[in-house]
Amino acid sequence: MNCYTYKPSGVCSREMKIYYEDDVIKGLEVVGGCNGNLKGVAALIEGMKIEDAQKRLEGIKCGLKGTSCPDQISKALKEILNSK
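Residues numbered from 1 in each chain as written. Predicted model: local features only at pLDDT ≥ 70, side-chain atom pairs only at ≥ 80, totals over all residues. Heavy atoms only, no water.

Points about the overall build of the protein chain
As a reminder of what qualifies: Helix numbers and strand numbers start at the N terminus; a helix is a DSSP run of H or I with at least 4 residues, a strand a run of E with at least 2. Computation of the radius of gyration draws on C-alpha atoms alone. For the globule rule, the value is 2.2 Å times the number of residues to the power 0.38. Burial classes follow relative accessibility: with a 1.4 Å probe on protein chains only, a residue under 20% of its type's maximum area counts as buried, one over 50% as exposed, and anything between as partly exposed. Residue contacts are defined here by distance: any two heavy atoms, one from each residue, within 4.5 Å place the two residues in contact. Note that accessible areas follow from Shrake-Rupley with a 1.4 Å probe, and for residues the cover is restricted to the protein chains shown. Counting rule for charge: Lys and Arg are taken as positive, Asp and Glu as negative, and neither His nor the chain ends is counted. In this description, the location of a charge corresponds to atom NZ of lysine, CZ of arginine, CG of aspartate or CD of glutamate.
What the protein chain contains, in helices and strands, is three helices and three strands. Tracing the protein chain from N to C terminus, the helices and strands come up as β-β-β-α-α-α. Here the protein chain has a C-alpha radius of gyration of 12 Å; the compact-globule value for 84 residues is 12 Å, and the two agree. Along the first, second and third principal axes, the C-alpha atoms of the protein chain reach 35 × 20 × 20 Å. A buried classification covers 37% of the 84 residues belonging to the protein chain. Once local pairs closer than 6 in sequence are excluded, the contacts in the protein chain between residues at least 24 apart make up 41%. Accessible area for the protein chain stands at about 5,000 Å²; split by element, carbon and sulfur atoms hold 50% of it. Counting 13 positive and 11 negative side-chain charges, the protein chain places the averaged centre of each group 6 Å from the other.

Next up, the structure:
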């Protein structure tokens, strides 16, 4: 299993670790941010293909911010896809 560590910007969370195998997300850990909401997002994307989750989360905004934790997760997933 692979682990990708991402440092988000423009959001409350400080670090994201995405665990994946082949093209499937196996887990997500987030330091900081809205704990319950991010645990919910992690549970929802676990088992999804990286590409599908990336497309689904991309562009979500939090309040007046131009991004959100889900959007930052999509950026991390895009980096994983681009590294293949």
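Okay, back to it.
A look at the sheet that holds strand E1 (residues 2–6)
Put simply, the test is: When DSSP finds two or more bridges between a pair of strands, those strands are recorded as paired. Between N-to-C directions, angles cover 0 to 180 degrees, with each direction set by a line fitted to C-alpha atoms, over the stretch in contact for helices.
Spatially, the three strands line up as an open sheet ordered E1-E2-E3, and their pairing is antiparallel. The open sheet has two edge strands with one neighbour each: E1 and strand E3 (24–31). Strand-to-strand twist across the sheet, computed as the mean angle between neighbouring axes with direction ignored, equals 20°. Bridge count for strand E2 (residues 15–21) against E3 is seven bridges, and the pairing is antiparallel. Bridge pairing links Lys 17 to Glu 29 in E3.

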